[in-house]
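The residues making up each chain are set out below.
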Amino acid sequence: MLTSLLEALGVWRAPLSPPEASREEVLTVHSERLVKRVEAASRGELYPDLEHYGLGTGDTPVFPGMDRAARFLVGGTLEGARRILSGERRVLQLGGGLHHAQYDRASGFCVYNDLSVAIRHLTRSGLRVAYLDIDVHHGDGVQWIHYEEKEVLTLSLHESGRYLFPGTGHVHEMGRGEGLGKKLNLPLEPFTEDASYLEVFEALVPWALKAFRPDVLVVQAGADAHHLDPLADLLLTTRAYERLFRLVLEYAEAYAGGRVLVTLGGGYSLDGAVRVWALLYHLFHGLPLPERLPEGWRKGWEGRLGKPLTPTLHDPEGAYPEIPRRGEIEKRNRLTLQRLTELVAPHLLH
Ligand SMILES: [Zn+2]
């Protein structure tokens, strides 16, 4: 849907076709036990203990060829890391972002963790990596895989785990051992809107990047914090996403030598996600933003989906009703930010 929109807008550039990641590359962040089970399930052989590894569940069902399919997603993000190492400054992976996959367990629609494989490749080449996760869900897989590593800063803004999968991402999860103070979580209140999100984002992210001094920024750009998303309760509009993506590129310039690798992530409203990622694509390539979406493209997809789509790139004004607890939500988010910075500052700044 996204590539057809970019084609209809006349801005689509032929993508690279990176190879799938190898078994050995997957094993840089996952256990042999997990990989063995995914490989067997791909051939239709089912280990009896699959559920223990998060496989064969509602979120991560098994299917023929799933090992190779998952390795293809890893391959795209890993190629991005390789390109950064060979001197390219900006890479956009129009896929990937499988941030829930853990060392020993598939989870939340994620089998292999492409982000962590790419991050490990970068750190093994001597780079300090700042990982920024704006998906509405906590970036738990990436956090836990790098939990004790001092050369990986993880920063996740998400709807609080008190209300949303995967239930983690609290401010006190801040790393262990050498990684202490290098794992930052900003859990936000349900119904957080643009202004409050941007307020805490702009206070936290540049502060942390300045203190950590990364060589490269890796960004998981999930679109499920959009107000139309059916799985979560944040209320971002495309205006906030435009600002967020501009800031990400600015922060990469200011704090990471201009090096930035961006992946997609969750996004379960087709109408919302396709416009958020079209915005990302345009800003990433320095293209002017179109106001309206091509009529033929929209009619075609409305026919296929059987429902109306927003005719403009940006959300219309007044896209959702007034939020009665707005002031309280803003206050709580500010307090969470304050608690987080007080907790991590002594570790992050030294
Ligand atoms: Zn998500």
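What comes next is a walk through the structure. Since the structure is predicted, the reported quantities are computational estimates derived from the model, not experimental observations.

## What about helix H11 (residues 326-348)?
Here is step 1 of the chain: Across its 23 residues, H11 extends 31 Å between first and last C-alpha, which sits within 8% of the 33 Å expected from 1.5 Å per residue.
Here is step 2 of the chain: Its maximal kink placed at Glu-342, H11 deviates by approximately 25°, while the proline Pro-346 follows within four residues.
Here is step 3 of the chain: Of all the residues in H11, the buried ones are Ile-329, Asn-333, Thr-336, Leu-337, Leu-340, Val-344, Ala-345 and Leu-348.
Here is step 4 of the chain: For H11, the elements touching its buried residues are strand E3 (152-159), strand E4 (183-188) and helix H7 (194-212).

## Observations concerning the nonpolar core
Here is step 1 of the chain: Judged by nonpolar contacts, the single largest core of 68 residues is most densely connected at Leu-132, Phe-201 and Leu-217.
Here is step 2 of the chain: Once you skip the residues sitting within four places of it in the chain, Leu-132 turns out to touch Leu-155, Leu-157, Phe-201, Val-205, Leu-217, Val-218, Val-219, Gln-220 and Val-248.

## Some points on the packing of aromatic side chains
Here is step 1 of the chain: What the rule picks out here adds up to seven aromatic pairs.
Here is step 2 of the chain: Between Trp-12 and Tyr-281, the aromatic rings sit 5.9 Å apart at their centres with planes inclined by 25°, giving stacked as the arrangement. You can see Trp-12 sitting in the loop between helix H1 (2-8) and helix H2 (23-26) and its partner Tyr-281 sitting in helix H9 (residues 270-284), a full 269 residues away along the chain.
Here is step 3 of the chain: Ring plane angle 65° and centroid distance 5.7 Å describe the contact between Phe-109 and Tyr-268, whose orientation is recorded as edge-to-face.

## Details of the sheet that holds strand E6 (residues 260-263)
Here is step 1 of the chain: Reading across from one edge, E1-E6-E5-E2-E3-E4 is the order of the six strands in this open sheet, with parallel pairing throughout. What marks the edges here is a single partner per strand, and that holds for strand E1 (90-93) and E4. Going from strand to strand, the sheet's axes swing by 10° on average, the running direction of each strand aside.
Here is step 2 of the chain: Pairing between strand E2 (residues 129-133) and E3: five bridges, direction parallel. Note that in E3 the partner of Asp-133 across the bridge is Ser-156.
Here is step 3 of the chain: Contacts between H7 and the sheet are confined to E2, E3, E4 and strand E5 (216-220), with E3 contributing the most and set at about 175° to the helix.
Here is step 4 of the chain: Its contacts with the sheet put H9 on E1 and E6, and the angle it makes with E1 is roughly 160°.

## Here's the deal with unusual backbone geometry
Here is step 1 of the chain: Of note, the bond from Phe-165 into Pro-166 is cis; its omega dihedral lies within 30 degrees of zero at 0°.
Here is step 2 of the chain: Examined against the element boundaries, Pro-166 turns out to sit in the loop between E3 and E4.
Here is step 3 of the chain: Positive phi outside glycine occurs at Phe-109, with the angle close to 70°.
Here is step 4 of the chain: Secondary-structure assignment places Phe-109 in the loop between E1 and helix H5 (114-124).
Here is step 5 of the chain: Residue Phe-109 is classed as partly exposed on the basis of its relative accessible area, which comes to 42%.
Here is step 6 of the chain: Backbone geometry places Arg-213, a non-glycine residue, at a positive phi of 55°.
Here is step 7 of the chain: Position of Arg-213 relative to the elements: it lies in the loop between H7 and E5.

## Some remarks on the environment of Val-62
Here is step 1 of the chain: Secondary-structure assignment places Val-62 in the loop between helix H3 (32-42) and helix H4 (66-85).
Here is step 2 of the chain: For the pair formed by Val-62 and Leu-335, sequence separation is 273 residues and the distance between their alpha carbons is 42 Å.
Here is step 3 of the chain: Once residues lying within four places of it in the same chain are set aside, the contact partners of Val-62 are Ala-41, Leu-46, Leu-50, Leu-55 and Gly-56.

## A look at the side chain of Glu-149
Here is step 1 of the chain: Tracing the backbone through its elements, the reader meets Glu-149 in the loop between helix H6 (140-145) and E3.
Here is step 2 of the chain: With relative accessibility at 14%, the residue Glu-149 sits in the buried group.
Here is step 3 of the chain: Among the polar contacts listed, one links the side chain of Glu-149 to the side chain of Arg-120, at a separation of 2.3 Å.
Here is step 4 of the chain: Excluding residues that lie within four positions of it along the chain, Glu-149 makes contacts with Arg-120, Gly-179, Lys-182 and Lys-183.

## Details of the packing of H7 against H11
Here is step 1 of the chain: Packing of H7 against H11 brings their axes to within 10 Å, and their N-to-C directions diverge by 5°. Classified by the angle their axes make, H7 and H11 are roughly parallel. Each of Ser-196, Glu-199, Val-200, Ala-203, Leu-204, Trp-207, Ala-208, Ala-211 and Phe-212 in H7 lies in contact with H11, whose residues at this interface are Glu-330, Asn-333, Arg-334, Leu-337, Leu-340, Thr-341, Val-344, Ala-345 and Leu-348.
Here is step 2 of the chain: Across the contact of H7 with H11, the residue classes break down as 12 nonpolar, three polar and three charged.

Rules behind the numbers
What you see as residue numbers is a count from 1 along each chain, following the sequence as written. Under the rules for a predicted model, residues below a pLDDT of 70 receive no local features and side-chain atom pairs below 80 are neither given nor counted, while totals for whole chains, interfaces and linings still include all residues. Excluding hydrogens and water, the side-chain values take into account all heavy atoms of the structure. Numbering of helices and strands runs from the N terminus; a helix is a DSSP stretch of H or I covering at least four residues, while a strand is a stretch of E covering at least two. Multiplying one less than the number of residues by 1.5 Å gives the expected span of a helix. Here the bend at a residue means the angle between the axes of two seven-residue stretches, the one that ends at it and the one that starts at it. Residue exposure (1.4 Å probe, protein chains only): buried if accessible area is under 20% of the type maximum, exposed if over 50%, otherwise partly exposed. Contact between two residues is taken to exist if any of their heavy atoms lie within 4.5 Å; hydrogens are not considered. Buried residues of nine kinds, namely Ala, Val, Leu, Ile, Met, Phe, Trp, Tyr and Cys, make up a nonpolar core once their side-chain atoms join them within 4.5 Å. Whether two aromatic rings pair depends on their centres lying within 6.5 Å, for rings of Phe, Tyr and Trp, where Trp uses its six-membered ring; planes under 30 degrees apart make the pair stacked, over 60 edge-to-face, and the rest tilted. When DSSP finds two or more bridges between a pair of strands, those strands are recorded as paired. Between the N-to-C directions of two axes lies an angle of 0 to 180 degrees, each axis being a line fitted to C-alpha atoms and, for a helix, fitted only over the stretch in contact. Polar contact is the term for a pair of N or O atoms within 3.5 Å; when the atoms are in protein, one must be able to donate a hydrogen and the other to accept it, and sequence-neighboring residues count only if both atoms are side-chain atoms. The scheme is simple: roughly parallel for angles under 35 degrees, roughly antiparallel for over 145, roughly perpendicular for 65 to 115, oblique for anything else. Here the nonpolar group is Ala, Val, Leu, Ile, Met, Phe, Trp, Tyr, Cys and Pro; Asp, Glu, Lys and Arg are the charged ones; every other residue, Gly included, is treated as polar.

Bear in mind that shape data such as this cannot, by itself, settle questions of function.
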